[in-house]
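# Results of the structural survey
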Amino acid sequence: MYAVRCFFSWRCVIDGEPELPAVLARMWGREPAPRRGPRRGLSLAQITAAAIEIADAEGLGGVRMSSVAARIGVSPMTLYGYVGSKDDLLTAMADAAVPEPPEPGGAPWREYLTTWTRAQRDALLTHPWLLSAAPTVPPAGPRALRWLDRALAALDGTGLDAGEGVNIATALSGYARSSATLALGLDGAVGGAGPRGYADVLARVLDEHGHPALHAAVHAGAFGRAEQWAEDADFAFGLDLLLDGVHALITRRAGGTP
């Protein structure tokens, strides 16, 4: 979902090095087998599973090499044989925490990308700490890259080139991330009063002189009812705007009129 840290919310280019970073080699199963020494008693999957349990319960602040080691029942130094730093651990966690992407299964591109984007948003809501893990590298984990692969597969045959497909996946992932951030923020807004409480506060503090357009919008019910958020009406509205743009681009590439 979402860069290694959050399902393709950005793009960049890596100047490759002769050898994969150790954590990526382990994530992809490309780590050379040790020639000497005792057989390893842990796996990266065990370590990341323990770290994810802590993050789900306590947030990223609770994830320390010492706390992860204690949950597994080993010394902190043991973990450094599998992950060289906390950043490496976060990279592995972010890839392991997201579910497998939905399969296109022959669905039309728009139907599939709707499901794809919603699934990313839902994964972020399930693991809110992913929103706090600021991306520092491009997507590199096997599961995160499967999300990008499936989005590109859905766009195959639309006439768009590969770069445009990656940009579309990037934009949709960014929307999933911002929607999850907003949903979580509104759930806790105004002492947990949710969207309705937030709209009520705005109605009380805004006036038609300082914020005339927003004042009018709030009093016209622009923030909607609480059930609209529960029914995903606002999420669907924004996603439709993005997908309308994709449709217009496909139409232009085909030489038609959007």
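As annotated in an unreviewed UniProt entry, the chain carries the name TetR/AcrR family transcriptional regulator C-terminal domain-containing protein and is attributed to Saccharopolyspora rosea.

## As for the overall build of the chain
Looking only at helices and strands, the chain has 13 helices and zero strands in total. Written out in order from the N terminus, the α and β elements of the chain read α-α-α-α-α-α-α-α-α-α-α-α-α. When each of the 258 residues of the chain is scored for burial, the buried share is 42%. Counting only carbon and sulfur atoms, one obtains 55% of the accessible surface of the chain, whose full area is about 13,800 Å².

## Comments concerning the packing of aromatic side chains
Within this structure, the stated rule accounts for two aromatic pairs. Over the aromatic face of Phe 235 sits the side chain of Arg 121, whose NZ or CZ is 4.2 Å from the ring centroid.

## So, the side chain of Thr 117
In this structure, Thr 117 sits in helix α6 (residues 109-126). The exposure class of Thr 117 is buried, given its relative accessible area of 0%. In this structure Thr 117 touches Leu 172, Tyr 175, Ala 176, Phe 235 and Leu 239, once residues within four positions along its chain are discounted.

## Details of the packing of α6 against helix α7 (residues 142-155)
Running from N to C, α6 and α7 cross one another at 160°; their axes reach a closest spacing of 9 Å. Between α6 and α7, the angle is such that the two are roughly antiparallel. Here α6 runs over α7; the crossing is left-handed. Together, Trp 109, Tyr 112, Leu 113, Trp 116, Ala 119 and Gln 120 of α6 and Trp 147, Arg 150, Ala 151, Ala 154 and Leu 155 of α7 make up the contact between the two elements. The residue makeup of the contact of α6 with α7, split by class, is nine nonpolar, one polar and one charged.

## Observations regarding the nonpolar core
One finds Val 63, Val 68, Leu 89, Met 93 and Leu 113 to be the most contacted residues of the largest nonpolar core, which totals 54 residues. Listing elements by their share of this core, those giving two or more residues are α1 (22-27), α2 (44-58), α3 (65-72), α5 (86-97), α6, α7, α8 (162-187) and α13 (233-253). The residues touching Val 68, leaving out its near neighbours within four places in the chain, are Ile 47, Ala 50, Ala 51, Ile 54, Val 63, Leu 79 and Leu 89.

## With respect to the pattern of salt bridges
The final tally for this structure, using the stated rule, is nine salt bridges. A salt bridge links Arg 146 to Glu 100, with the nearest nitrogen and oxygen atoms 2.7 Å apart. You can see Arg 146 sitting in helix α7 and its partner Glu 100 sitting in the loop between α5 and α6, a full 46 residues away along the chain. With a closest N to O distance of 2.7 Å, Arg 121 and Asp 122 form a salt bridge. Several salt bridges share partner residues, and in doing so they unite Glu 100, Arg 143 and Arg 146 into one network.

## Description of the side chain of Thr 170
By secondary structure assignment, the location of Thr 170 is in helix α8. When its relative accessible area of 17% is taken as the criterion, Thr 170 is described as buried. Looking at Thr 170, its side chain comes within polar contact range of the main-chain oxygen of Val 166, at 2.9 Å.

## Some points on the UniProt feature "DNA-binding region" (unreviewed entry) in the chain
According to UniProt, the positions carrying the feature "DNA-binding region" (unreviewed entry) are residues 64-83. Structurally, residues 64-83 comprises 60% helix and 0% strand, and the distance from its first C-alpha atom to its last is 12 Å.

## What to know about the packing of α2 against α5
At a closest axis distance of 9 Å, the pairing of α2 and α5 adopts a crossing angle of 85°. The angle between α2 and α5 places the two elements in the roughly perpendicular class. Side by side, α2 and α5 meet where Leu 44, Ile 47, Thr 48, Ala 51, Ile 52 and Ala 55 of the first sit next to Leu 89, Ala 92, Met 93, Ala 96 and Ala 97 of the second. Here the contact of α2 with α5 is built from residues that sort into ten nonpolar, one polar and no charged.

Reading guide: rules and limits
Residues numbered from 1 in each chain as written. Predicted model: local features only at pLDDT ≥ 70, side-chain atom pairs only at ≥ 80, totals over all residues. Heavy atoms only, no water. Helix = DSSP H or I, 4+ residues; strand = E, 2+ residues; numbered from the N terminus. Buried < 20%, exposed > 50% of the residue type's maximum accessible area, 1.4 Å probe, protein only. Areas by Shrake-Rupley, 256 points an atom, 1.4 Å probe, with all protein chains shown as cover. Phe/Tyr/Trp six-rings, centres within 6.5 Å; stacked < 30°, edge-to-face > 60°. Lys NZ or Arg CZ within 6 Å of the ring centre and 35° of its normal. Contact = heavy atoms within 4.5 Å. Axes fitted to C-alpha atoms, helices over the stretch in contact; angles between N-to-C directions. Parallel < 35°, antiparallel > 145°, perpendicular 65-115°, else oblique. Left-handed = near helix turned anticlockwise from the far one by under 90°. Nonpolar A, V, L, I, M, F, W, Y, C, P; charged D, E, K, R; others polar. Core = buried A, V, L, I, M, F, W, Y, C linked by side-chain atoms within 4.5 Å. Salt bridge = Lys/Arg side-chain N within 4 Å of Asp/Glu carboxyl O. Polar contact = N/O pair within 3.5 Å; in protein donor to acceptor, adjacent residues only side chain to side chain. UniProt positions renumbered as here; feature names shortened; annotations may be inferred.

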